[in-house]
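One-letter residues, chain by chain:
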Amino acid sequence: MITKLRSKTLLVLAAVIICFSCGRDSSISEAPGSLVVSEGFENPIGFYDNEPSFSWKLPDSETIKSQTGYRIVVAGNSKLLPKKADLWDSGDVSSDQSAWIEYDGPPLISRQKVYWQVMFVDQDGNSSPWSQVASFELGLLKTDDWKAKWISLAAEEKRDTTEKGHSIIRPQYLRKAFELDGDIEQARLYVTSRGVFEAQINGQKVGHDVMTPGWTPYDKRIETLSYEVKDYLNKGENAIGLIVGDGWFSGRIGYNRKHWIHKPVPTAICQLEIIYKNGKKETIHSDSEWFGTRKGPISFSSIYDGEVYDANLEMKGWSNPGFEADTWIPVEAKDMDADINLVPKRHLAVKEKSRLTALNISEPEPGRIVFDLGQNMVGIPDLKIPVIKNQKVTIRFAEMLEQDGKMYTVNYRSAMSTDYYIPSADGVISWQPKFTFHGFRYVELSGFDESVSPQKEWVTGIVQYSDFEKSGYFSSSHDKLNKLQSNINWGLKGNFFDIPTDCPQRDERLGWTGDAQVIAPSSIFNCDVHAFWTSWLQSVREEQQEDGSIPFVVPNILGKNFSSGWADAATVIPWEIYFRTGDKKVLEENYEMMKSLVGYYKSKAVNHIANVNTFGDWLQPYAKNNRNGGDTPNDLIGTAYYARSVDLTMKAAEVLGYSKEYTEFKALRDSVRRAFEMEFIDSQGKLTTENETQTGYLMALGFDLVSQEMAQKVLPRLISKINEADNHLRTGFLGTPLLATVLDKYGLTDLMYTILFKETYPSWFYSINQGATTMWERWNSYSHEDGFGDAGMNSFNHYAYGAIGQWMYERIAGISPLDPGYKRILIAPVPGGPLKFAEAEYNSIYGKISSGWRKVDTGLELKVTIPPNTTAQIIIPIKKGMKLLVDNADLVNQTEVSVVMRDETSMVLEASPGSYLFKTML
Ligand code: BGC
């Protein structure tokens, strides 16, 4: 709301300034680029947002430093641009804002295609040319845009069960043949399912997405996919087909049997909308005229258990016209449910993102060949193997191998994670499963044609995750630190599978909120996950209970529940996304949820102490009695997170302009903080709890729960706990992300480097020394000395400890936002530990930011890039008496860089956009 108000005000302001874009020759030759709408979408179709925002980047140029004005024009036809924008013309706006400008024209409707262009004025008042025309096309925004019916085959009378007693719902193949009697101008397929689907038109898979529509709270909202399908269609005869598998809706999900025994049959819905060249429109949609069968080749599919494919049941041409579907039976067609929203998907679906080839093969048991892909990954195998007719091929997966080279699968718990292929002829098959995914590094094959000697090329790993790109890069002179960076990235790839999951391999793969909140900042540095997070936050809002509590998994399949440190994903993630992107919409969308969570804490707290349920400092090492929840008591964690959630809600209120609520939250936060100090810290700064934990102290200092004076007494306690552990961490999921924050805040970066570079248990490098290629659930999920940790909780792909990635970008390399969204950037590297150099890049909404330092004989070299339309504060470590060169010239001669302050150990500079090389020397 506030942004709407602001944009109105800006328009009024614009009216009084001179017209800088009308009829004047542009005086800059480069146009703005990278035009995106809302959370970074480039020319989307089937777009979800009919109140979009616009963002662009200024061109990279020596002379263009910043923007002082812009004009956006929006039209329903590209030919109307730029002069006759019929939807919205922002007019000439005096503003340095080049991101998240809200559309302010008439309401946009389903299917509408919208074109837009932008131009800007630079710091000297020069106008740019118009950008290229960008566009977006809205999807079906409302449930009543759908004429189609939900279709499925009638439920089986009796379901088969797997050998472990899991019920089998056979995938359905559904089809319809139809004729098109004209030349096609445009065709869109809108489609979704309860379950997972693959759509085919005339024998060809539509799009490249997999496991669509992904996972939302299906009883409230199901996301729809939209595809451009003109090229799939013919004038004349056509056919459309859908394969519908169990997925998250109908399949076994959750570790508790009661969460999956009575699952309904999956259903699908689709609408193929055609516009002919002569303007005529036609719609083909799912209805009672479709036919289906359960006797297709995919006879079983399950997220946890894998897929069974019987090639004898292949139905050649089943989604082509002319296929004889004599044995197929009519589907049941059902009307829309009024209370379930069908809306366009808010972020890009999962798809194949890369491939891994096998590095080694071994045969630990006769006839069982193990392929090592060299990297723990998530996705499916692509198999090209020799087979014998009707001899079942078994494909098993594992993250690790046992000592004897056999597959270690006990940590998958009840997930069978096994695919089977039944060949219909001798020869070489090429096959990939469709409706399952596995977390694995190793693939074991048995049942293939043993007369052929196995080749590495038989198995390729297809890496699948939500379709985002890298947004950052980090590298250093230290191999293990680089490996850690790689492991963090693989942890993200493996667990951003439509929703943020705890792990991708065992019988969980759930949207654990605690894991999500601790990884959010690191994830944003590494990947372009703005839309991924805001999309999941919508599910979090939908799953909030009436009393304001947030469940510990979203989508919630575990009933009403609450855990402090987990529920706070509802406050932490919106704030982190806002702070790191500058997009206020995430706060607007989530503010009510944040407030309600605070309300929940308030209702449970007694004298501001929140003794609420929590999983605790999960998997803290050396916990008493091996308690998974660690030694920090619930009421301390509950009260600390209560204060933290109030603090973030207070900050959101401030950004959104709710000043009264801001004041109220501030008062509440201060009361909770005081209560925390009174309850948990004695007059000497010592924890009053039974166990003095690093995490207890970290929360007190990291969430500012004690007065500044008291912090000076608490700090030595924390240091002594760390020293006592020979400078090792003793923290679990909640404490670990606070280590760097707190030690850095108090100038103890050397100690943080010591902890980070420890090679012994528990530490980040310890797991790397034991062979980790991803982040592990436990610091010692495996060790060469003791073997595997407790298989009950032993995932080798759990991203929580990857939270350290934030510090690697922010302080080892030195890039962080000073203002939300990097309008002002802080470059403040802290060279330390054994590092000789470190560098990072981050692709912000304004362009590439980079910071890289290197120790040289004369001192330190620091290379920095600051994108246009931002400014940076650069803090350079430099001792008294040393001088600083900028691009090999004396600092005093610089116009783009000025000194703000200098003390004994550093110099603070203010820099405008550009690339700089700083050198310190005696
Ligand atoms: C999950 C965790 C999660 C935890 C709750 C586990 O089973 O894998 O990552 O946060 O339960 O403590």
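Bear in mind that the values here come from a model prediction, so they are computed numbers and not experimental data. (Residues numbered from 1 in each chain as written. Predicted model: local features only at pLDDT ≥ 70, side-chain atom pairs only at ≥ 80, totals over all residues. Heavy atoms only, no water.)

> Would you explain unusual backbone geometry in this entry?
Note on backbone geometry: most residues besides glycine have negative phi, and most peptide bonds are trans. Between threonine 212 and proline 213 the backbone carries a cis peptide bond, its omega angle lying at 10 degrees. Within the secondary structure, proline 213 is located in the loop between strand E14 (209–210) and strand E15 (221–228). With phi around 50 degrees, serine 34 is a residue other than glycine that occupies positive phi space. Take serine 34: it is sitting in strand E1 (residues 33–37). On the accessibility criterion, serine 34 (45% relative accessible area) is partly exposed. Positive phi outside glycine occurs at arginine 509, with the angle close to 55 degrees. Within the secondary structure layout, arginine 509 lies in the loop between strand E37 (499–500) and helix H4 (513–526). Taking the relative accessible area as the measure of exposure, arginine 509 reaches 1% and is therefore buried. (Helix = DSSP H or I, 4+ residues; strand = E, 2+ residues; numbered from the N terminus. Buried < 20%, exposed > 50% of the residue type's maximum accessible area, 1.4 Å probe, protein only.)

> Is there a simple way to think about helix H10 (residues 694–702) in this case?
Spacing of three or four residues puts side chains on the same side of an α-helix, whose turn is 3.6 residues. Judged by how many residues are buried, H10 sits mostly within the fold: nine of nine residues are covered. The elements touched by buried residues of H10 are helix H8 (634–656), helix H9 (659–680), helix H11 (708–724) and helix H12 (736–745). At the C-terminal side of H10, aspartate 704 shows a positive phi close to 55 degrees. (Contact = heavy atoms within 4.5 Å.)

> How should the sheet that holds strand E50 (residues 914–921) be read in this particular structure?
By way of backbone hydrogen bonds, the strands of a sheet pair with one another, either parallel or antiparallel. Spatially, seven strands are ordered E35-E42-E43-E44-E50-E46-E47 in an open sheet, and the strand pairing comes out antiparallel. The open sheet has two edge strands, strand E35 (472–476) and strand E47 (889–890), and neither has a second partner. One ladder, built from four bridges, connects strand E46 (residues 883–886) with E50; its direction is antiparallel. What sits directly across from leucine 885, in E50, is lysine 919. In the packing of helix H15 (residues 805–813) onto the sheet, the strands contacted are E35, strand E42 (837–844) and strand E43 (847–856), and the crossing angle to E35 comes to about 60 degrees. (Pairing = 2+ DSSP bridges. Axes fitted to C-alpha atoms, helices over the stretch in contact; angles between N-to-C directions.)

> I would appreciate a short explanation of H8 in the present structure.
Compared with the 33 Å implied by 1.5 Å per residue over 23 residues, the 32 Å span of H8 between its first and last C-alpha is a close match. Counting buried positions along H8 gives 18 out of 23 residues, so the element sits mostly inside the fold. Two residues or fewer after H8 comes glycine 657, characterised by a positive phi angle close to 85 degrees. (Expected span 1.5 Å × (residues − 1).)

> Would you mind showing me how to read the layout of surface pockets here?
In this approach a probe as big as a water molecule rolls over the atoms, and the regions it shows empty are the leftover space. Here the largest pocket is characterised by a volume of approximately 1100 Å³. Surrounding the largest pocket, 40 residues form its lining, Glu576, Arg580, Arg644, Thr741 and Gln806 being those nearest its centre. Those elements that place two or more of their residues in the lining of the largest pocket are H4, helix H6 (569–581), H8, H9, H10, H12, H15 and strand E40 (815–817). For the lining of the largest pocket, the leading source of residues is H12, giving seven residues. Residue composition of the lining of the largest pocket, by class: 22 nonpolar, six polar and 12 charged. (1 Å grid on protein atoms, 1.4 Å probe; cavity = no way out; pocket = protein on both sides within 12 Å on 5 of 7 lines; lining within 4 Å. Points joined across faces, edges and corners; volume = space filled by probe spheres on them. Nonpolar A, V, L, I, M, F, W, Y, C, P; charged D, E, K, R; others polar.)

> Got a minute to help me understand the sheet that holds strand E2 (residues 53–57) in this structure?
The strand order across the open sheet formed by three strands is E1-E2-E6, and the pairing between neighbours is antiparallel. The outermost strands of the open sheet, each flanked by one partner alone, are E1 and strand E6 (101–102). Relative to E6, E2 runs antiparallel, the two being bridged by two bridges. Across the sheet, the residue bridging to phenylalanine 54 is isoleucine 101, located in E6.

> In this structure, what is going on with the nonpolar core? I would like to understand it.
Across soluble globular proteins, you tend to see nonpolar side chains buried next to one another. With 205 residues, the main nonpolar core has Leu484, Trp533, Trp764 and Phe918 as its most contacted residues. Of the residues forming this core, the biggest block, 12 residues, is contributed by H8. (Core = buried A, V, L, I, M, F, W, Y, C linked by side-chain atoms within 4.5 Å.)

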